[in-house]
Amino acid sequence: MVRKFLVGVVAMLVLSSTAWAQTPKVEFTGIIGWTLADGVSGEPVTALDGNVYDRVDPKDSMNFGFSLGFFLTPSAELGFLWRRQATEIEIAGNSVRTLGDINIDGYHGYGAYYFGDPETKARPYIMGGLGVTNYGSVSYTKLDGTSASTQSNSQFSSTWGAGLKVNASQNVGMKFGIQWTPTYIKSDAAGWWCDPWWGCYVISDAQYANQFEFIGGISFRF
């Protein structure tokens, strides 16, 4: 009896390993969605038009991109994510002015975990990643009529998300989710901190530009 039981367990393990070995492990997802974006504030600057500006913000707009992931197990995935928000930059203060077009690109390595039975049609997931966000150059016209442009700039960022994946078949599925990408921009002096051991030093208040995204996509596994 014990021998038959052990043989049965071994057979089940072999069959499950064979099934997983034959399951597609690489997944490509095309992504499209909408981004709610904000920027950062700074020291007030009086421009030639007489207005005072102290904020820079991207406008809300569409986003698109892709992810390429490898499933380590039926539930755990590691991969690379790229997405672009093609939008415009605004400067604001006691007036709002559109400066010019900008592409905001996110490049992140990520890990994702899918909950539930791998054979079910719908599986919720969570994901998180680290990488950089690149703010492309902006071409604009100064108030005196001359042309100018800003330099592109890349900053460290993380990205966090959750959603639902619906499998139409073993090889095709759809994803619906939300994602938050905070990007470090700068730190402002926030005051002094003093203690008896280390003396006094300036403490900083970090500022992040945030992208809140609603995304959908079609996935292909192979």
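Residues numbered from 1 in each chain as written. Predicted model: local features only at pLDDT ≥ 70, side-chain atom pairs only at ≥ 80, totals over all residues. Heavy atoms only, no water.

### Digging into the overall build of the protein chain
Per the secondary structure count, the protein chain includes 1 helix and 12 strands. For the protein chain, the N- to C-terminal ordering of α and β elements is α-β-β-β-β-β-β-β-β-β-β-β-β. The proportion of buried residues among the 222 residues of the protein chain is 34%. Once local pairs closer than 6 in sequence are excluded, the contacts in the protein chain between residues at least 24 apart make up 63%. (Helix = DSSP H or I, 4+ residues; strand = E, 2+ residues; numbered from the N terminus. Buried < 20%, exposed > 50% of the residue type's maximum accessible area, 1.4 Å probe, protein only. Contact = heavy atoms within 4.5 Å.)

### Re the side chain of E213
When you line up the elements, E213 lands in strand 12 (residues 199-221). In terms of polar contacts, E213 uses its side chain to reach the side chain of R83, at 2.9 Å. Contact partners of E213, with chain neighbours within four places excluded, come to W34, T35, N63, R83, G177, I178, Q179 and T181. (Polar contact = N/O pair within 3.5 Å; in protein donor to acceptor, adjacent residues only side chain to side chain.)

### Looking at the confidence of the model for the protein chain
Overall, the prediction assigns the protein chain a mean pLDDT of 86, with 82% of residues at 70 or greater. Taken element by element, the protein chain is modelled with least confidence in helix 1 (residues 2-22), mean pLDDT 46, and with most confidence in strand 4 (residues 61-71), mean pLDDT 98. Under a pLDDT of 50 for its full length, residues 5-17 has, in the predicted model, 0 contacts with residues more than four places off or in other chains. (pLDDT = per-residue confidence, 0-100.)

### Let's talk about the nonpolar core
Counting 9 residues, the largest nonpolar core consists of I31, F71, L81, Y110, A112, Y114, Y125, M127 and I215. Listing elements by their share of this core, those giving two or more residues are strand 6 (96-114) and strand 7 (122-135). Discounting residues that sit within four places of it in the chain, M127 has contacts with L81, Y110, G111, A112, T159, W160, G161 and Q179. (Core = buried A, V, L, I, M, F, W, Y, C linked by side-chain atoms within 4.5 Å.)

### Regarding the pairing of strand 3 (residues 52-58)
The pairing of strand 2 (residues 40-46) with strand 3 spans 4 bridges and is classified as antiparallel. The residue bridging T46 from the neighbouring strand is V52, located in strand 3. Linkage of strand 2 to strand 3, two consecutive antiparallel strands, is achieved through a turn of 5 residues, within which G50 is found at a positive phi near 85°. Bridge count for strand 3 against strand 5 (residues 76-93) is 5 bridges, and the pairing is antiparallel. Looking at strand 5, one finds that R55 is bridged to A92. (Pairing = 2+ DSSP bridges.)

### A short note on the environment of L68
Tracing the chain through its elements places L68 in strand 4. Considering only alpha carbons, one finds L68 and Y110, 42 residues apart in sequence, at a separation of 9.8 Å.

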